[in-house]
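# Observations on the model geometry
Each chain is listed here by its residues.
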Amino acid sequence: MMKSMKLAATALALTSGAAMAQDEVTLQLKWVTQAQFAGYYVALEQGFYEEENLDVTIKPGGPDIAPPQVIAGGGADVIVEWMPAALAAREQGLPLVNIAQPFKSSGMMLTCLEESGITSPDDFPGNTLGVWFFGNEYPFLSWMSTLGIPTEGGDDGVEVLKQGFNVDPLLQNQAACISTMTYNEYWQVIDAGIGEDELITFKYEDQGVATLEDGLYVLEENLSDEAFKDKMARFVRASMKGWKWAEENPEEAAMIVLEYDETGAQTEQHQIRMMGEVAKLTAGSNGALDPADYERTVETLMGGGSDPVITKEPEGAYTLDITDMALN
C-alpha cells in the first residue's frame, strides 16, 4: 500500500513538474525600455508568453549594448535589430537570420532646422549632419551613396557628426540636420521648444531608401534544432499577439511599458505619443517578413557605389519557416 502511494505521489510530482516547466527565452532589445518594444512587454504582462508555455526574459539595451555581440556571446536567444546592422554583421561572419519582421515601415528620418536653408537633399552638401553610429549609420551612408554625396566633408560633401543618442546637436546648432525616429527624437526636438513649422523632415521611407528596422534575429546554427524552431514559433506568435493588442490599446500598452521601465526615465506623455507612432510602423505586419521589403533593403545597402554597406547578395539571411509555423 505504502509503495503504491509513493509511486502515485512520484507520478503526480513528475506530471506537475512537466506542466510547470516552461521553455526559457531571453530577448535582447535594441534600446532602452520604451514603447518601441511595447509588443514584447504586453505579451509578457498579458500572459501571452505564458499561454505558449514560455518563460521570457526581456533585456533592455542601451548606448553600450550591441545586440549582435550579446547573442554572439550567448547572452540572448533572440535579438531585436535593424536589418542593415544584421546583414553587415552576417557578412562579417556572425550568421544572424531574420525569423520575423514586426515593423513593416521605417521610422527613421533626418530632421533639419528650416533656418539652415535645406529644403531638399540637393541642399545637403556643405552642411553638417548628425548621424548615429554603432550599426545605425548604415541606412544613412547608403542614402548618401545613392545621392552621390561624399561623407568626408568639403563643399561637395557633408560633414558627418557622430551624434549621441540625443538631439543636442540640433538644439546647439552644431548640425543643420540630425537623425531622428518618428516615434522618439523628433518629439524630443518639439518638446525642447522648436515648433514643427521650424523643421524640415526627410523620411527614409519617402526618399525610397528605407531599410527594415526592428526585426527578430537568431543565430543560424540554432535553426537546425527543431525544438528551438518550435520555441521561436511560439515566441513570435505570442509577440505578434502582443503587438496587435498594443496597436488597438495604445494608452494601456504605454502604461505597461512604464511599469517595466526600471530607470524611471520615461514619461507618460512621451510613451503614449511614442506608442501611437510605433503603431503606424507595425500596422500591416502579421510578423512575416515580406521578401520584397527584404530585397529593397538589400538593394539599398548594396547600392553604395565604391563603398557599399554589404558587398554581395546575402544567402540564408532570413527564413519564413518560423512565421509559417507561428501563423498556421
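Just so we're clear, the structure is a prediction, and the values are computed from it rather than from any experiment.

As a further point, take the nonpolar core. Counting 67 residues, the largest nonpolar core has Tyr40, Phe124, Leu216, Phe235 and Met275 as the members making the most contacts within it. Counting residues per element, this core draws most heavily on helix α10 (residues 226–248), at 9 residues. Discounting chain neighbours no more than four positions away, the residues touching Phe124 are Leu110, Cys112, Ile118, Leu129, Trp143, Met144, Leu147, Ile149, Gly157, Val158, Cys177 and Phe202. Core analysis: the next-biggest nonpolar cluster, separate from the first, contains 23 residues, Ala76, Leu87, Tyr294 and Val298 among them.

The next thing to look at is the state of the cysteines. Scanning the entire structure with this criterion turns up 1 disulfide. Linked covalently through their sulfurs, Cys112 and Cys177 form a disulfide whose S-S length is 2.1 Å. Disulfide Cys112-Cys177: the torsion about the S-S bond is 100°, which places it as right-handed. Remark: Cys177 occurs in strand β8 (residues 177–181) and Cys112 occurs in strand β5 (residues 108–113); sequence separation between them is 65 residues. Across this residue pair, the class does not change: Cys112 and Cys177 are buried.

In this section: the packing of aromatic side chains. The geometry of an aromatic ring pair is captured by the separation of the ring centres together with the interplanar angle, meaning the angle of the planes. Going through the model one piece at a time under the given rule, you end up with 12 aromatic pairs. Here Trp31 and Phe165 contribute two aromatic rings whose centre-to-centre distance is 4.7 Å and whose plane-to-plane angle is 40°, an arrangement assigned as tilted. Of the two residues, Trp31 is situated in the loop between β1 (23–28) and α2 (38–45) and Phe165 in the loop between β7 (159–162) and α7 (168–171); the sequence distance between them amounts to 134 residues. Ring geometry for Tyr186 and Trp187: centres 5.2 Å apart, planes at 85°, overall edge-to-face. When its relative accessible area of 9% is taken as the criterion, Tyr186 is described as buried. The structure contains a cluster of three or more aromatic residues connected by ring pairs, namely Tyr40, Tyr49, Phe103, Phe235 and Trp243. For the cation-ring pair, Lys30 lies above Trp82, with the distance from its terminal atom to the ring centre recorded as 4.9 Å. Looking at Lys162, its charged tip hangs above the ring of Phe133, at a distance of 4.8 Å from the centre.

Further remarks concern the side chain of Glu277. Along the chain, Glu277 turns up in helix α12 (residues 268–282). There is a polar contact of 3.1 Å between the side chain of Glu277 and the side chain of Lys280. Apart from the residues lying within four places of it in its own chain, the contact partners of Glu277 are Thr182, Tyr183 and Trp187.

Strand order in the open sheet made by the 5 strands is β2-β1-β3-β10-β4, with mixed pairing throughout. Of all the strands in the sheet, the pair left with one neighbour each is β2 (54–59) and β4 (96–100). Shown here is a sheet whose adjacent strand axes are inclined to one another by a mean of 35°, direction ignored. Pairing between β4 and strand β10 (residues 215–219): 4 bridges, direction antiparallel. In the strand pairing of β10, Asn98 is matched with Tyr217. In this fold α2 packs onto β1, β2, β3 (78–81) and β10, with an angle of close to 140° to the strand it touches most, β2. Strands in contact with helix α5 (residues 83–91) are β3, β4 and β10; relative to β4, the strand with the most contacts, it is inclined by about 145°.

Right, let's get into helix α13 (residues 291–302). Residue pairs three or four apart in sequence face the same way in an α-helix, which turns once every 3.6 residues. With 12 residues, α13 should cover 16 Å at 1.5 Å per step; its first-to-last C-alpha distance of 16 Å lies within 8% of that length. Every buried residue of α13 is accounted for by Asp293, Tyr294, Thr297, Val298, Thr300 and Leu301. All buried residues of α13 fall inside an arc of 160° around its axis, so they share one side. Buried residues in α13 make contact with α5 and α6 (138–147). The N-cap residue of α13 is Asp290: its side-chain oxygen and the backbone nitrogen of Ala292 are 2.9 Å apart.

A few words on the environment of Pro125. On the secondary structure map, Pro125 appears in the loop between β5 and β6 (128–131). Pro125 gets classed as partly exposed once you look at its relative accessible area, which sits at 27%. The spatial distance from the C-alpha of Pro125 to the C-alpha of Asp155 is 6.1 Å, given a sequence separation of 30 residues. Contacts of Pro125, omitting those with residues within four sequence positions, involve Ile149, Asp155, Asp156, Gly157 and Val158.

Attention shifts here to the confidence of the model for the protein. Looking at the protein, the pLDDT average stands at 92 and 93% of residues meet or exceed 70. In this model, residues 1–18 is a region of pLDDT below 50 whose contacts with residues beyond four sequence positions or in other chains number 0 contacts.

What counts and what doesn't
All residue numbers refer to position in the chain's written sequence, counted from 1. It should be noted that, the model being predicted, local features are given only for residues of pLDDT at least 70 and side-chain atom pairs only at 80 or more, the latter also being counted only at that level, while totals for whole chains, interfaces and linings use all residues. Heavy atoms from the whole structure form the basis of all side-chain values; hydrogens and water molecules are not counted. In this description, a nonpolar core means a group of buried Ala, Val, Leu, Ile, Met, Phe, Trp, Tyr and Cys residues linked to one another through side-chain atoms lying within 4.5 Å. Only protein chains enter the calculation, and the probe is 1.4 Å; a residue is then buried if its accessible area is under 20% of its type maximum, exposed if over 50%, and partly exposed in between. A run of DSSP states H or I qualifies as a helix once it reaches four residues; a run of E qualifies as a strand once it reaches two. Both are numbered from the N-terminal end. Contacts between residues were defined by any pair of non-hydrogen atoms, one from each residue, lying within 4.5 Å. Whenever a pair of cysteine sulfur atoms sits within 2.5 Å, that pair is classed as a disulfide. Note on ring pairs: Phe, Tyr and Trp rings are taken, using the six-membered ring of Trp, and paired if centres are within 6.5 Å. Classes follow the plane angle, with under 30 degrees stacked, over 60 edge-to-face and the rest tilted. Note on geometry: a ring has a charge over it if NZ (lysine) or CZ (arginine) is within 6 Å of the ring centre and within 35 degrees of the ring normal. Any N or O atom pair separated by 3.5 Å or less is treated as a polar contact, with the protein-specific requirement of one donor-capable and one acceptor-capable atom, and with residues adjacent in sequence counted only for side-chain atom pairs. Paired strands are those between which DSSP finds at least two bridges. Helix axes are fitted only over the stretch in contact, all axes being lines through C-alpha atoms; the angle between N-to-C directions runs from 0 to 180 degrees. Expected span of a helix, by definition, is 1.5 Å for each gap between consecutive residues, and there is one gap fewer than residues. When we speak of the arc, we mean the arc of directions from the helix axis to the C-beta atoms. Looking at any residue, its pLDDT shows the predictor's confidence there, from 0 to 100.

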